[in-house]
Amino acid sequence: MLDKSPHPTPVAVPNDLAAHWMPFTANRAFKKNPRLLAGAKDMHYFTVDGRKILDAAAGMWCTNAGHGRTQISDAIAKMAATLDYAPPFQFGIPQAFELASRIAELAPKGLDHVFFCNSGSEAADTALKIALAYHQINGQGARSRLIGRVRGYHGVGFGGTAVGGIVGNRKIFGSLLSGVDHLPATYDREKQAFTKGEPEYGAHFADALEDLVNLHGANTIAAVIVEPMAGSTGVLAAPKGYLKRLREITQKHGILLIFDEVITGFGRLGFAFAAERYGVLPDMLTFAKGVTNGAAPMGGVLVRDTIHDAFMTGPEHMVELTHGYTYSAHPLACAAALATLDIYRDEKLFERANKLEAKFADAVMSLKDLPNVLDIRTIGLTAGIDLAPSADGIGKRGFAGLNSAFHDNDIMLRAVGDTLALTPPLIVTEEQIGEIMDKVGKVIRAVT
């Protein structure tokens, strides 16, 4: 799995970067000192000037099988030449049904139906809409309240943003949806600092759901949505027992439980889905990113039989769920996903991640005594490193780390405020883990 590819030739760069308004990016700062990519293979990106960048971020939590997998690109090309597009409303393609069956086989028993969309954001909004509709058709239309969690991230749709709990993602968009509340975050640095795996402390944070039930009434709450590991906020693993407790409370009160596994799905925590790791069966489970190895946009929702079957009533010629997208189960995305699942299976990448978890955790924890390191958290092949904010502003040290990593140390990582997140592809070797830590150590020292 070692990358032996040569450096590519430099790529021409546009003279003007102004027209492209980049997402979730400090546009002015970027365009003064761009981080431009031109190619990728296995564990590396290549810059426009031919430098080789070690990918410690799996792109954006996506490329679990590494970059440039010809099995995937060949499948996409073959499908594009055979069937470029097919309408997903009222028509279907064989690959969509095959893919749904294979994803359901990977999921915990009971999550047997898949609704396809195109991203994690669409998956979150789809799951929330299904929850609301499910209660409506069951004669419990008063169940319209949605519960998220502080520091949670569920994409950028109106529903996902509303139930999300990252302040910076919400505050400039007005009231969003009404009838939304939030559980507290599961992180307490004083009691959880430098934890490998699930923190021992924190299961009781789930009990806050009882407080919300008492406040609003159980008969008004449709669903609770949480990430088994909150990734976008800086890698916060669910404490031991937390998810089971949340499941118990939701079942007690007839509230649907949704796991957002857009990041944790497809091997990130050493299992096909984190629900398996934790032994908890949610009512719905969202996925995206790793399902196609990032090679084509795709997302989806795994749904329990009881929810799916509740819609399968009334005249057979009538649409059961008035929801969907023009590109749901797009032929190219289905081809990419099927090829990706073949790679995960044949190379046993989920099992590989599981075996590497302890060594990865030990390696990341070797950075704990470096300057300004406040905390390190690891779970699966993922780590968050909290750095102390600099005197001239929150997020400045993390942003400096992002730039130092790319421009000076030839490594890609994610910066979330002053947290550096490491999420390498599951093909990473022990030697490359060592290389990642060496480079990240240099980054941390450079931004003191």
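The shown structure was predicted, so the numbers you read here are calculated from the model rather than taken from an experiment.

Chemist: Can you explain the pairing of strand 8 (residues 221-226)? Please cite residues and give values.
Modeler: Summarising burial for strand 8: six of the six residues are buried, a large majority. In this structure, strand 5 (residues 145-149) lies alongside strand 8, joined through three bridges in parallel fashion. If you follow I147 over to strand 8, its bridge partner there is V224.

Chemist: Summarise empty space enclosed by the protein; cite the residues concerned and give the values.
Modeler: Tallied over the entire structure, the rule returns two cavities of 30 Å³ or more. Quantified by volume, the largest cavity comes out at close to 80 Å³. Taken together, T186, Y187, Q192, T195, G197, P199, V235, L236, A237, R377, T378 and I379 make up the full set of residues lining the largest cavity. Breaking the lining of the largest cavity down by element, the ones donating at least two residues are strand 10 (236-237) and strand 14 (373-379). Sorting elements by how many residues they give to the lining of the largest cavity places strand 14 first, with three residues. For the lining of the largest cavity, the per-class residue count stands at six nonpolar, five polar and one charged. Residues from two domains meet in the lining of the largest cavity; each of domain 1 (27-65 + 348-446) and domain 2 (74-346) gives at least three. A volume near 30 Å³ is recorded for the second largest cavity. In this structure, the second largest cavity is lined by R149, V150, R151, G152, A185, T186, A230 and L236. Class assignment of the residues belonging to the lining of the second largest cavity gives a composition of four nonpolar, two polar and two charged.

Chemist: Give a description of the sheet that holds strand 7 (residues 195-196) that names residues and reports values.
Modeler: Spatially, five strands are ordered 7-14-15-18-17 in an open sheet, and the strand pairing comes out mixed. The open sheet is flanked by strand 7 and strand 17 (414-416), the only strands paired with a single partner.

Chemist: Help me get a handle on the side chain of N409, residues and values and all.
Modeler: With respect to the element layout, N409 can be found in the loop between helix 15 (396-408) and strand 16 (411-412). Apart from residues lying up to four places away in sequence, N409 is in contact with S404, K439, K442 and V443.

Chemist: Describe the domain arrangement of the protein chain, listing the residues and the values that go with them.
Modeler: Taken domain by domain, the protein chain holds domain 1 (27-65 + 348-446) and domain 2 (74-346). Just the C-alpha atoms count here: the centres of domain 1 and domain 2 sit 26 Å apart. Across the boundary between the two partners, domain 1 contributes 37 residues, which contact 36 residues of domain 2. Between domain 1 and domain 2 lies a buried interface of about 3,000 Å² when both sides are counted; carbon and sulfur atoms form 58% of it. If you sort the residues of domain 1 by the area they bury against domain 2, W61, F350 and I379 come out on top, with a joint share of 27%. Remark: the boundary between domain 1 and domain 2 carries three salt bridges. In this structure, E357 engages R277 in a salt bridge whose closest nitrogen and oxygen atoms are separated by 3.0 Å.

Chemist: Explain unusual backbone geometry to me, using residue names and the numbers behind them.
Modeler: The phi angle of most residues is negative, glycine excepted, and most peptide bonds adopt the trans form. The phi torsion at F194 lies on the positive side, around 60 degrees, for a residue other than glycine. Mapped onto the elements, F194 comes out in the loop between helix 8 (189-192) and strand 7. You can call F194 partly exposed: its relative accessible area is 26%.

Chemist: Pulling in residues and values, what's your account of the side chain of K289?
Modeler: With respect to the helices and strands, K289 occurs in the loop between strand 12 (284-287) and strand 13 (299-304). Of the side chains bearing the opposite charge, D260 lies closest to the buried K289, which forms no salt bridge; the N-O distance is 9.0 Å. Residues within four places of K289 in sequence aside, it is in contact with M60, W61, C62, V262, I263, G294 and M298.

Chemist: Requested: an account of the nonpolar core, with residues and values cited.
Modeler: Grouped together as the largest cluster of nonpolar side chains are 99 residues, with contacts concentrated most on I103, L183, L302, I385 and L422. The greatest single-element share of this core, amounting to nine residues, is contributed by helix 13 (residues 331-346). Looking at which domains feed residues into this core, each of domain 1 (27-65 + 348-446) and domain 2 (74-346) gives three or more. Excluding residues that lie within four positions of it along the chain, L183 makes contacts with I147, G148, R149, V150, A208, L209, L212, V224, V226, Y242 and L246. Counting residues in hydrophobic clusters, the runner-up holds 23 residues, among them V180, I225, L256 and M284.

Chemist: Give a detailed account of the environment of L256, specifying residues and quantitative values.
Modeler: Tracing the backbone through its elements, the reader meets L256 in strand 11 (residues 256-260). By relative accessible area, which is 6% here, L256 ends up buried. Distance from L256 to P282, taken between C-alpha atoms, is 7.7 Å for residues 26 residues apart in sequence. The residues contacting L256, other than those within four sequence positions of it, are A131, Y134, H135, A222, A223, V224, D283, M284 and I307.

What counts, and at which threshold
- Residues numbered from 1 in each chain as written.
- Predicted model: local features only at pLDDT ≥ 70, side-chain atom pairs only at ≥ 80, totals over all residues.
- Heavy atoms only, no water.
- Buried < 20%, exposed > 50% of the residue type's maximum accessible area, 1.4 Å probe, protein only.
- Helix = DSSP H or I, 4+ residues; strand = E, 2+ residues; numbered from the N terminus.
- Pairing = 2+ DSSP bridges.
- 1 Å grid on protein atoms, 1.4 Å probe; cavity = no way out; pocket = protein on both sides within 12 Å on 5 of 7 lines; lining within 4 Å.
- Points joined across faces, edges and corners; volume = space filled by probe spheres on them.
- Nonpolar A, V, L, I, M, F, W, Y, C, P; charged D, E, K, R; others polar.
- Domains from an automatic or database assignment.
- Contact = heavy atoms within 4.5 Å.
- Buried area = accessible area lost by both parts, 1.4 Å probe.
- Salt bridge = Lys/Arg side-chain N within 4 Å of Asp/Glu carboxyl O.
- Lys, Arg positive; Asp, Glu negative; His and termini not counted.
- Core = buried A, V, L, I, M, F, W, Y, C linked by side-chain atoms within 4.5 Å.

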